[in-house]
Amino acid sequence: MEKILEVTNLQVTFTTYGGTVKAVRGVDFHLNKGETLAIVGESGCGKSVTSNAIMRLIPNPPGKITAGSIVFKGKDLAKYSEKRMRSIRGVDISMIFQDPMTALNPTLTIGTQLMEGLISHHGVSSKEAKKKAIEMMDLVGISNPEERLKQYPHQFSGGMRQRIVIAIALICEPDLLIADEPTTALDVTIQAQILELFEKIQAATGVSIILITHDLGVVAKIADRIAVMYAGKIIETGTKREIFYKPQHPYTQGLLNSVPRLDLKGEKLIPIDGTPPDLFSPPAGCPFTARCPFAMEVCDKVYPASKELTESHQVNCWLQDERAKQLLTAVPLSK
Amino acid sequence: MKATKDGKAMHSPSQIPDEWFKWKEKDEGAAEIVSRPSLSYWKDAWRRLLKNKLAMLGLVFLVILAIMAIFGPILSPYEVNQQDLPNQYQPPSEEHWFGTDNAGRDVFTRTWYGARISLFVGLMAALIDVTIGIIWGGISGYKGGRTDNVMMRIIEILYGLPYLLVVILLLVVLGPSLSTIIIALTVTGWVGMARIVRGQVLQIKNYEFVLASKSFGTRSSRIIRKNLLPNTMGPIIVQMTLTVPSAIFAEAFLSFIGLGIQSPFASWGVMANDSLGAILSGNWWTLFFPAFFISFTMFAFNVLGDGLQDALDPKLRK
Amino acid sequence: MLKYILKRFLIMLVTLWVIISLTFILMVSIPGSPFNSDQSSNETIRANLEAHYNLDQPYHIQYFLYLKSIATFDFGPSIKQPNQSVNDLLSRGFPISFELGILTIIVAVISGIILGILAALRHNGVIDYLAMGIAVLGISIPNFILATLLIQQVAVTWGLLPTATWSSPAHMILPIAALATGPMAIIARLTRSTMLEVLTQDYIKMAKAKGLSPWKIVFKHALRNALMPVITIMGTLLAGILTGTFVIEQIFAIPGMGKYFVESINQRDYPVIMGTTVFYSAFLIIMLFLVDIAYGIIDPRIKFHRKGGE
């Protein structure tokens, strides 16, 4: 399969009053053409920072990409100048934000906001842009598009606004769409509609999607592959099937146990105790050690290397080590 | 399996010693440790204010000014209105640190008397504004409904009245004096404060902790005293620090158009007004000292107000 | 929208009525009545006054006739200058004051916005500190002191510009500078802080994600929203500039309404004080109303957000 994006050893830090926050600490992942990759994790784990880094939208200062490469269609975006990056944004890579209530400019009409990207990148006439805008409004399921182009954001409901945001993101026909918590701010019924819209769009345009979310329900619905992120690192990746049915990392298991599931009736929900570590001074070893029910001495000391279980399934956990497996059978955990 | 004691560069799992593979002792609560100490709201605000150099400069200046306003005149051998016509327009010297004015009066002595008047006018105006504002805004916001509606309409109308024009009108009729100036400044001045208090009260009224005390049947007055007031203090303090300089400015402005404080008082505005002609003839000190102290006092209150706003606004807390 | 305009209009009318009534009450409550004191010894003036204010009538009739005369823009005679009415003074002085005021607003708004944007775009940079330093000084130094300093330095010491009067563009520079600095500083600070806030909004991030140029992001997406609060304080600024003209015209000997007004205060020329106050108040209240309406037109959300005040 053709890789459209490959991120290697990405590191992002923020300099603040209290010190330097290492928000993303060496992230590797790739995205195949036409697939949907979900990056899952608790808030503050660095998933949004990762997505912003791909778009090179990390505000500098205080943020900075300190290492790593972001190879998109064979070119390393991490080395691009700001000006060159601008010709990528909105054209080749687009982004959808969490809250549709704030993502649209309240003082400009929907039409202006929809068409401006097209006009400034492709220099099309406003007539052509309008034609394309109406086409996009149809695609995302907004009726009466010609009239609605003249309206302002406050005249639309939350779900409608998110459809408009999606239309804006897609109007230049990008190859990659990054959706940062696209359904979090919406009602549950609207969430389902928006997810269906993503599926429909992917079928129609073949766009590759990176979906940033903390909601495993969303992931179950539309992701092909899943990357689980914790404290600035990706700790497990795999296909949807592998992550949901054979989770290897205790954190992934904990995440799945803390979500209500219809297919497992009668099972108790088990929350993960504790909070993620302080990223001002992240631990040397596995960041999950303090909360992990299977913590070993080694976990505190050294960060585990990635282990390939199948071609698509990788995990960073000491439990994969032969000696840990011996320990599990020899000295069972009391809990 | 090879075990190395060398702790460095252990990238390959085979380099990790076997004895590290044992269950970790659970230290209870380790995951719960909050890494930064949590400070109380006021302590935290004070700490942030201390970090703001400009605001601290303002605060230090105001403290010194207040001390000099009280003790400054005692340091000087001259009386505030002691005229000495042969010695008019003396430049600053050992006898007269800030020089003398057109009537030979000592500018140093008069400057600190002026500080008394200006600070008194400013602080009294702010204090009265706050008192009326809290009562009006508090009742309006807390009661809500019709009461709020009527009270807000009154505020809206008063807010529309041009502040300084009303002050001028009142002073023309009442005649300028220390008390009438303060009255005139506060007749419509409290409106801004009342609006702020009402906004705060409306916002906080629906917070869960207030709803909680209400549902326990706590009395209204107690809710206002224990819950609402402490939480509305931030914006009120900021508004106060901004009311003082505007009152000081208004007093100086009124002196300038002939409605200032009359002798035997010497306010900075009166001193500046008296010296306008003098500056053209080169007697710069007569204007410089009152002008400098008006400006620097306003500056000090403004930067202190800004600093307090930053320090007290929890939204910016990071 | 129409309901909103109507509500504002009603409040404006009530405010006008309050200020007019206030002047009347204060006028009749001046001890010993201003009109029959020794000040108005001139026979013509006394006759004019009695005719205009109907002093022989009971108060409620006086009040009614006073309202009527103001509704017809007749502000009565002056006590001090025979055969001069307040209207004469206004028609002579107001155009000059208006010119001074308008030029001041233009200078203050343009320079304030530019300064604020520069400061926000170079947040925590040298330009930011410089601009905010100027702004804090501008807010702290009262306009009459600034005016005196400017005359002393620019006009007297350096001899670059004329010191007084309002006869050529060169004469206008110093008064406008003295009067515009304060409002400019306020606008600059407000523009900076709202601009900084707007720049962190999601829709700005969205505009960046669209690949728009920084220029387009600032001027098309950010500035419009950042200027909304500037419009809301225009009323207050106008009031400040208007009262500022009183002292600036006095210091620069500009023959505007402000100068006459200050003279009338010093001479206790009550009808001129009352008439000018009512005229200026009406002017400001109407301006405030227009600013409110303008805000409603510019901000498409107004209908939803303005309910029940701020």
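Residues numbered from 1 in each chain as written. Chains lettered and ligands numbered in written order. Predicted model: local features only at pLDDT ≥ 70, side-chain atom pairs only at ≥ 80, totals over all residues. Heavy atoms only, no water.

An unreviewed UniProt entry lists chain C under the name Dipeptide transport system permease protein, with Oceanobacillus polygoni as the source organism. One UniProt comment on chain C, placed under Subcellular location (unreviewed entry), says "Cell membrane". Taken directly from UniProt, the Sequence similarities (unreviewed entry) text for chain C runs: "Belongs to the binding-protein-dependent transport system permease family." (UniProt positions renumbered as here; feature names shortened; annotations may be inferred.)

The name given to chain A in an unreviewed UniProt entry is Dipeptide transport system ATP-binding protein, with Oceanobacillus polygoni as the source organism. The heading Subcellular location (unreviewed entry) in the UniProt record of chain A holds the text "Cell membrane". Check the Sequence similarities (unreviewed entry) section of the UniProt entry for chain A; it says "Belongs to the ABC transporter superfamily."

Points about the UniProt feature "transmembrane region" (unreviewed entry) in chain C
Residue and element names in this part refer to chain C. Sequence positions flagged by UniProt for "transmembrane region" (unreviewed entry) are, in local numbering, residues 9-30, 100-122, 129-152, 172-191, 226-252 and 272-298. Annotated as residues 100-122, this span is 96% helix and 0% strand, and its ends, taken at the C-alpha atoms, are 33 Å apart. Taken end to end, residues 129-152 has its terminal C-alpha atoms 28 Å apart, with 92% of it in helix and 0% in strand. (Helix = DSSP H or I, 4+ residues; strand = E, 2+ residues; numbered from the N terminus.)

Digging into a nonpolar patch on the surface
Residue and element names in this part refer to chain C. On the surface, F98, I102, I106, I110, I114, L118 and I127 cluster together to form a nonpolar patch covering roughly 580 Å² of accessible area. With six residues, helix α4 (residues 86-121) is the largest single contributor of residues to the nonpolar patch. Structurally, the position occupied by I114 is in helix α4. Judged by relative accessible area, I114 falls into the partly exposed class, the value being 46%. (Patch = residues over 30% accessible without salt bridge, like charges linked within 9 Å, V, L, I, M, F, W, Y side chains within 5 Å. Areas by Shrake-Rupley, 256 points an atom, 1.4 Å probe, with all protein chains shown as cover. Salt bridge = Lys/Arg side-chain N within 4 Å of Asp/Glu carboxyl O. Buried < 20%, exposed > 50% of the residue type's maximum accessible area, 1.4 Å probe, protein only.)

Topic: helix α5 (residues 163-174) of chain B
Residues and elements named next belong to chain B. Here α5 contains 12 residues, and its C-alpha end-to-end distance of 16 Å stays within 8% of the 16 Å for a straight helix at 1.5 Å per residue. The element α5 is extensively covered by neighbouring structure, given that 10 of its 12 residues are classed as buried. The complete set of buried residues in α5 reads L164, L165, V166, V167, I168, L169, L170, L171, V172 and V173. At the exit of α5 stands G175, carrying a positive phi of roughly 85°. (Expected span 1.5 Å × (residues − 1).)

Observations regarding the environment of G258(B)
Relative to the elements of secondary structure, G258(B) occurs in the loop between α9 (220-256) and α10 (268-274). Under the relative-accessibility criterion, G258(B) is labelled partly exposed at 26%. As a C-alpha pair, G258(B) and I168(B) span 90 residues in sequence and 10.0 Å in three-dimensional space. For G258(B), the residues in contact, after removing those within four places along its chain, are N266(C) and R268(C). (Contact = heavy atoms within 4.5 Å.)

Quick word on the environment of Y270(C)
All names here are of chain C. With respect to the secondary-structure elements, Y270 resides in helix α12 (residues 270-298). The class of Y270 is buried, set by a relative accessible area of 9%. Residues Y270 and K80 lie 190 residues apart in sequence; the distance between their C-alpha atoms is 9.3 Å.

A look at the side chain of S208(A)
Within the secondary structure layout, S208(A) lies in strand β8 (residues 208-213). Setting aside its immediate chain neighbours within four residues, S208(A) contacts I4(A), L31(A), N32(A), K33(A), G34(A), E35(A), D175(A), L176(A), L177(A) and Q202(A).

Let's talk about the sheet that holds strand β3 (residues 36-40) of chain A
All names here are of chain A. Judged by pairing direction, the sheet is mixed, and its eight strands sit side by side in the order β6-β7-β8-β3-β9-β10-β12-β11 without closing on themselves. Each end of this open sheet is capped by a strand with a single partner; those strands are β6 (93-96) and β11 (307-308). By the bridge criterion, six bridges tie strand β9 (residues 225-230) to strand β10 (residues 233-239) in an arrangement that is antiparallel. The partner of V228 across the bridge, within β10, is E236. (Pairing = 2+ DSSP bridges.)

A look at the pattern of salt bridges
Here the structure, examined in full by the defined rule, presents 22 salt bridges over all chains. For the salt bridge of K73(A) with D92(A), the shortest nitrogen-to-oxygen distance reads 4.0 Å. You can see K73(A) sitting in the loop between β4 (63-72) and β5 (75-76) and its partner D92(A) sitting in the loop between α2 (82-86) and β6, a full 19 residues away along the chain. With a relative accessible area of 46%, K73(A) lands in the partly exposed category. A salt bridge links R8(C) to D292(C); the shortest N-O distance between them is 2.7 Å. Separated by 284 residues along the polypeptide, R8(C) in helix α1 (residues 2-29) and D292(C) in helix α12 bring together distant segments of the chain. In this structure, a network of salt bridges that share partners links the residues R153(B), E156(B), R8(C) and D292(C).

What to know about the UniProt feature "domain: ABC transporter" (unreviewed entry) in chain A
Taken from the UniProt record, the annotation "domain: ABC transporter" (unreviewed entry) applies to residues 5-256 of chain A. In residues 5-256 of chain A, the share of helix is 39% and the share of strand is 28%. The end C-alpha atoms are 27 Å apart.

Focus on the packing of helix α4 (residues 145-160) of chain B against α1(C)
Where α4(B) contacts α1(C), the axes come no closer than 9 Å and their chain directions differ by 65°. In this structure, α4(B) meets α1(C) at a crossing whose hand is right-handed. Counting all contacts with α4(B), which are made through R153(B), E156(B), I157(B) and G160(B), the residues of α1(C) involved are K7(C), R8(C), I11(C), V14(C), T15(C) and V18(C). Taken together, the residues of the contact of α4(B) with α1(C) sort by class into four nonpolar, two polar and four charged. (Axes fitted to C-alpha atoms, helices over the stretch in contact; angles between N-to-C directions. Left-handed = near helix turned anticlockwise from the far one by under 90°. Nonpolar A, V, L, I, M, F, W, Y, C, P; charged D, E, K, R; others polar.)

Side note on the interface of chain C and chain B
Counting residues at the interface gives 46 residues for chain C and 36 residues for chain B. For the pair chain C and chain B, the two sides together bury roughly 3,600 Å², of which 77% comes from carbon and sulfur. Where chain C touches chain B, the interface holds two salt bridges. R189(C) serves as the salt-bridge partner of D306(B), at 2.9 Å between the closest nitrogen and oxygen. For the interface between chain C and chain B, the tally reads three residue pairs in polar contact (both at pLDDT 80 or more). The set of elements that each furnish at least two residues to the side of chain C that touches chain B consists of α1, α5 (126-140), α6 (143-157), α10 (234-251), α11 (257-266) and α12 of chain C. (Buried area = accessible area lost by both parts, 1.4 Å probe. Polar contact = N/O pair within 3.5 Å; in protein donor to acceptor, adjacent residues only side chain to side chain.)

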